[in-house]
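Chain residues, written in single-letter form:
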Amino acid sequence: MELLDKLNWRYAAKAMNGEKVAEDKIERIIEAARLAPTSSGLQPFEILVVKNQEIKEKIKPIAWNQSVITDCSHLLVFAAWDTYTPERINYMFDLTNEIRGFKNEGWENYRKMLLDMYPQRDAEENFNHAAKQAYIAFAHAIMAAAFEKVDATPLEGFDPAAVDEILGLREKGLRSAVLLPLGYRKTEEDWLVNLVKVRKSTKDLVTVIE
Ligand SMILES: Cc1cc2nc3c(=O)[nH]c(=O)nc-3n(C[C@H](O)[C@H](O)[C@H](O)COP(=O)(O)O)c2cc1C
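What comes next is a walk through the structure. (Residues numbered from 1 in each chain as written. Predicted model: local features only at pLDDT ≥ 70, side-chain atom pairs only at ≥ 80, totals over all residues. Heavy atoms only, no water.)

**Here we look at the overall build of the protein**
And step 1. Helix and strand counts for the protein stand at nine helices and four strands.
And step 2. Going from N to C terminus, the protein has its helices and strands arranged as α-α-β-α-α-β-α-α-α-β-α-β-α.
And step 3. Restricting the contact set of the protein to residue pairs at least 6 apart, pairs at least 24 apart contribute 82%.
And step 4. Of the charged side chains in the protein, 28 are positive and 33 negative, and the gap between their average positions amounts to 3 Å. (Helix = DSSP H or I, 4+ residues; strand = E, 2+ residues; numbered from the N terminus. Contact = heavy atoms within 4.5 Å. Lys, Arg positive; Asp, Glu negative; His and termini not counted. Charge placed at Lys NZ, Arg CZ, Asp CG, Glu CD.)

In C-alpha cells, the structure reads:
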C-alpha cells in the first residue's frame, strides 16, 4: 500500500517555505505528467515551469494572493490548446507513425475522423476538451510529487486570462487551465497540515453493479 501511504501524506499545502526542489525530482514529476494518457493520445496541452521569481510575483495578485505562488520552488502551469487544428492533430498522428515506423489503415481512418470532427467544432468546446486532458496530466504530477515527497498545491484560484497575458500564452495558441506550485510545506504557518484528511466514505462514492 505504498502508493496509498503517499497519497495520505500529501495534502494541498497552504504555506511553503521557499526551499528549492532538486531538478531531478522536478524532471520525474514532469515525466509522470508527460506519460499521462490523453484522449486519442493528442496531449493537447503544454506545461510551463516557472522558476522566475519576478513572474511568480506577478502571478500572485491574480491568484487570490495565495502565498504558495511565490513561496513554491517551481510553479507548473498546465496550458491547454485553445482549439484543435488540422496541424495539431496531424502532428501527433505523424509523430506516432514516425516513432512506430509504420502506417496503419485503421489509425489513418481514425485520424480522418478526428480531422472531420474537431477543427470544425466551437473553439471553446475544443479548449474545454483539451483542458480535461491537461487535468489528467496535472493529477499524474500531483501523485508523482507525493511519490517524491514534494508538496504540491493544486490551484484553480486564479484569473486564467491574466495568467495567459503574463505568460504570453494566447499568442502560442494556449490558455492556462490549472496551476501546480511545487515545493516544501511550511509546517508552522500552515493551518491545514495537522488536520485530518476528509473524504466521502467509499460507500458514498462507489456503487458496485454486479
Ligand atoms: C482542481 C483543483 C483546484 C484547487 N484549487 C485550489 C486553490 O486555488 N487553492 C487552494 O488552497 N487549494 C486548492 N485546491 C485544493 C483542494 O481544496 C484540496 O485538494 C481538497 O480540499 C482536498 O484536500 P487535500 O488535497 O489537502 O487532501 C484545489 C484542488 C484541485 C483538485
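**Some details on the packing of helix α2 (residues 23-34) against helix α7 (residues 123-147)**
Any two packed helices are characterised by the angle at which their axes cross and by the distance between the axes.
And step 1. Contact pair α2 / α7: the axes reach a minimum separation of 7 Å and the direction vectors enclose 145°. Crossing of α2 against α7: the hand is right-handed. Between α2, through R28, I29, A32 and A33, and α7, the contact on the second element is made entirely by A137, H140, A141, A144 and A145.
And step 2. Looking at side-chain class alone, the contact of α2 with α7 contains seven nonpolar, one polar and one charged residues. (Axes fitted to C-alpha atoms, helices over the stretch in contact; angles between N-to-C directions. Left-handed = near helix turned anticlockwise from the far one by under 90°. Nonpolar A, V, L, I, M, F, W, Y, C, P; charged D, E, K, R; others polar.)

**Considerations on the pairing of strand β2 (residues 74-81)**
And step 1. Among the eight residues that make up β2, eight are buried, leaving the element largely enclosed by the rest of the structure.
And step 2. In this sheet, strand β4 (residues 174-183) lies alongside β2 in antiparallel orientation, the contact comprising eight bridges. Looking at β4, one finds that L76 is bridged to L180. (Buried < 20%, exposed > 50% of the residue type's maximum accessible area, 1.4 Å probe, protein only. Pairing = 2+ DSSP bridges.)

**What to know about the packing of aromatic side chains**
And step 1. Evaluation of the coordinates by the stated rule reveals seven aromatic pairs.
And step 2. On the numbers, 5.6 Å between centres and 80° between planes, the contact of F78 with F138 is edge-to-face. One end of the pair, F78, is in strand β2; the other, F138, is in helix α7, with 60 residues separating them in the sequence.
And step 3. Under the relative-accessibility criterion, F78 is labelled buried at 0%.
And step 4. Overall, the relative accessible area of 8% leaves F138 in the buried class.
And step 5. Centre to centre, the rings of W81 and Y84 are 5.8 Å apart; their planes meet at 80°, and the pair counts as edge-to-face. Both residues of the pair, W81 and Y84, belong to the buried class.
And step 6. An aromatic cluster of at least three residues, connected via ring pairs, comprises F78, Y135 and F138.
And step 7. Stacked on the ring of F147, the Lys or Arg K6 has its end atom at 4.2 Å from the ring centre. (Phe/Tyr/Trp six-rings, centres within 6.5 Å; stacked < 30°, edge-to-face > 60°. Lys NZ or Arg CZ within 6 Å of the ring centre and 35° of its normal.)

**Digging into the pattern of salt bridges**
And step 1. Using the criterion set out here, one finds 15 salt bridges in the structure.
And step 2. With a shortest N-O distance of 2.9 Å, D151 and R185 are connected by a salt bridge. Of this pair, D151 sits in strand β3 (residues 151-152) while R185 sits in the loop between β4 and α9 (202-205), and the two are 34 residues apart along the sequence.
And step 3. Under the relative-accessibility criterion, D151 is labelled buried at 2%.
And step 4. Judged by its relative accessible area of 18%, R185 is buried.
And step 5. Among the charged side chains, a network of salt bridges with common partners joins D24, K25, R28 and E148. (Salt bridge = Lys/Arg side-chain N within 4 Å of Asp/Glu carboxyl O.)

**Observations regarding the site of the ligand**
And step 1. In the neighbourhood of the ligand, 13 residues make up the surrounding shell, with R10, K14, Q66, K197 and R199 lying closest.
And step 2. Within the side chain of K14, a nitrogen or oxygen atom sits 2.7 Å from an oxygen atom of the ligand.
And step 3. R199 is positioned such that a nitrogen or oxygen atom in its side chain is 2.8 Å from an oxygen atom of the ligand.
And step 4. Starting from 620 Å² of accessible surface for the ligand in isolation, the protein chains cover 66%.
And step 5. Residue composition of the shell around the ligand, grouped by class: six nonpolar, two polar and five charged. (Near = heavy atom within 4 Å. Polar contact = N/O pair within 3.5 Å; in protein donor to acceptor, adjacent residues only side chain to side chain. Areas by Shrake-Rupley, 256 points an atom, 1.4 Å probe, with all protein chains shown as cover.)

Remember that the coordinates give geometry; whether it matters functionally is a separate question.
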